[in-house]
Amino acid sequence: MFKELQSKVNAILSNADSSIENRLQAVCELLKTTVPHYDWVGFYFKNGDKEELKLGPYAGKPTDHTIIPFGKGICGQVAISNQNFVVPDVSAQDNYIACSITVKSEIVVPLFLNGQNVGQIDIDSNTPDPFTGQDERFLEFVNQNVAKIIQGYLE
Ligand code: SME
């Protein structure tokens, strides 16, 4: 599944006729509709010079958490740690921001541009403990390819 998705992701991201916003949106939709255990898929990016994340394109239910301070929740922790954060059971996390009561697990993978942690992809799942190393490798691939096109988008 992830192998096929990689070429589809690249096709979307390299479509210069579409805005960056629309390309990222299309990637979120693709991942959410294709991967059974992806129930909410979104990008957060560093909000200018502020120590906070701002919600970018996403697929799934609207969330109240459009701004997340660094350090807060799983997303805010990844903004500081620069590490993937796999949460098999969100109820076991103290520093967690709940978006929906149906969510059981979460994965957040940082997005690096020129070596800087500039954002992340965040996936919520209604399935307990669904994420493996395959998800991590795939989402790292997505972020590496997003990084190639977002230089101007973040300025
Ligand atoms: N659960 C995240 C907040 C973002 S929502 O999942 C969309 C967190 O704890 O940072």
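Look above for the structure.
I will try to describe carefully the structure that is included in this document. Residues take numbers from 1 onward in each chain, read along the sequence in its written order. Only residues with pLDDT of 70 or above have their local features reported here, since the model is predicted, and side-chain atom pairs are shown and tallied only from 80 upward, although totals for entire chains, interfaces and linings are computed over all residues. For side-chain calculations, the full set of non-hydrogen atoms in the structure is used, while hydrogens and water are omitted.

1. Concerning the layout of surface pockets
Item 1. Grid points spaced at 1 Å over the protein atoms alone were grouped into cavities, where a 1.4 Å probe fits but cannot get out, and pockets, open sets with protein on both sides within 12 Å along at least five of seven lines, with lining residues defined by an atom within 4 Å of a point. Grid points are joined across faces, edges and corners, and a volume is the space filled by probe spheres set on the points. In this structure, the largest pocket occupies an estimated 340 Å³ of space.
Item 2. In this structure, the largest pocket is lined by 13 residues; those nearest its centre are F45, K46, N47, G48 and L154.
Item 3. Going along the chain from the N terminus, every DSSP run of H or I of four or more residues is numbered as a helix, and every run of E of two or more is numbered as a strand. Those elements that provide at least two residues to the lining of the largest pocket are β1 (40-46), β2 (52-59) and β6 (116-125).
Item 4. Its boundaries defined by the atoms lining it, the second largest pocket holds a volume of some 180 Å³.
Item 5. D39, W40, K61, P62, T63, C99, S100, T102, V103, D124 and N126 are the residues that line the second largest pocket.
Item 6. Ten residue types, Ala, Val, Leu, Ile, Met, Phe, Trp, Tyr, Cys and Pro, are classed as nonpolar, four, Asp, Glu, Lys and Arg, as charged, and the remainder, Gly among them, as polar. Looking at side-chain class alone, the lining of the second largest pocket contains four nonpolar, four polar and three charged residues.

2. Section: the pattern of salt bridges
Item 1. Definition used for salt bridges: Asp or Glu carboxyl oxygen within 4 Å of a side-chain nitrogen of Lys or Arg. Applying the stated rule across the entire model yields two salt bridges.
Item 2. A salt bridge links E136 to R137; the nearest nitrogen and oxygen atoms lie 4.0 Å apart.
Item 3. Of the charged contacts in the structure, one is a salt bridge between R137 and E140, with a shortest N-O distance of 3.0 Å. Taken together, the residues span about one helical turn, with R137 and E140 both in helix α4 (residues 133-147) at a distance of three residues.
Item 4. Under the scheme applied here, a residue whose accessible area is under 20% of the maximum for its type counts as buried, over 50% as exposed, and between as partly exposed, the area being computed with a 1.4 Å probe on protein chains only. Residue classification places E140 among the partly exposed positions, given a relative accessible area of 23%.

3. Re the packing of helix α1 (residues 2-13) against helix α2 (residues 20-34)
Relative orientation and spacing of two packed helices are given, respectively, by the angle between their axes and the distance between those axes.
Item 1. Angles shown run from 0 to 180 degrees and are taken between the N-to-C directions of axes, each axis being a line fitted to C-alpha atoms and, for helices, limited to the stretch in contact. At their nearest, the axes of α1 and α2 sit 9 Å apart, and the two run at 160° to each other. On the basis of the axis angle, α1 is roughly antiparallel to α2. Crossing hand, α1 versus α2: right-handed. Contact with α1, carried on its side by L5, K8, V9, I12 and L13, involves R23, L24, A26, V27, L30, L31 and T34 of α2 and no other residues of that element. Geometric relationships in this document are graded by angle, where less than 35 degrees denotes roughly parallel, more than 145 denotes roughly antiparallel, 65 to 115 denotes roughly perpendicular, and other angles denote oblique. Two helices crossing with the near one rotated counterclockwise from the far one by less than a right angle form a left-handed crossing, whereas a clockwise rotation gives a right-handed crossing. Whether two residues touch is decided by their heavy atoms; if any such pair falls within 4.5 Å, the residues are in contact.

4. Concerning the sheet that holds β6
Item 1. Ordered by their spatial adjacency, six strands build an open sheet running β3-β2-β1-β6-β5-β4, and the pairing between neighbours is antiparallel. The sheet is open, and its two edges are formed by β3 (67-69) and β4 (85-87), each paired on a single side. Strand-to-strand twist of the sheet, defined as the mean angle between neighbouring strand axes without regard to direction, takes the value 25°.
Item 2. Pairing analysis gives nine bridges linking strand β5 (residues 105-113) to β6, with the strands arranged antiparallel. Counterpart to I107 in the pairing with β6 is I123.
Item 3. Its contacts with the sheet put α2 on β1, β2 and β6, and the angle it makes with β2 is roughly 65°. By definition, two strands form a pair when at least two bridges between them are found by DSSP.

5. Examining the site of the ligand
Item 1. Lining the immediate surroundings of the ligand are W40, Y44, I68, G73, I74, C75, Y96, I97, C99, E106, D122 and D124.
Item 2. Any pair of N or O atoms that falls within 3.5 Å is considered a polar contact. Within protein, one atom must be able to donate a hydrogen and the other to accept it, and sequence-neighbouring residues count only if both atoms are side-chain atoms. Backbone polar atom of I97 to a nitrogen atom of the ligand: 2.7 Å apart, as the coordinates give it.
Item 3. Contacts to the ligand include E106, whose side-chain N or O atom sits 2.8 Å from a nitrogen atom.
Item 4. Areas reported as accessible are Shrake-Rupley estimates using a 1.4 Å probe. Residue values count occlusion only from the protein chains shown. Considering the ligand on its own, with 310 Å² of exposed area, one finds that the protein chains cover 100% of that surface.
Item 5. Each molecule is checked against the cavity or pocket grid, and it sits inside if more than half of its atoms lie within 2 Å of the grid points. A molecule is said to occupy a pocket when more than half its atoms come within 2 Å of that pocket's grid points, and by this definition the ligand occupies the largest cavity.
Item 6. Those elements that provide at least two residues to the shell around the ligand are β1, α3 (73-81) and β6. A molecule or strand has a residue near it when one of that residue's heavy atoms lies within 4 Å.

Read these as spatial facts, not as claims about activity.
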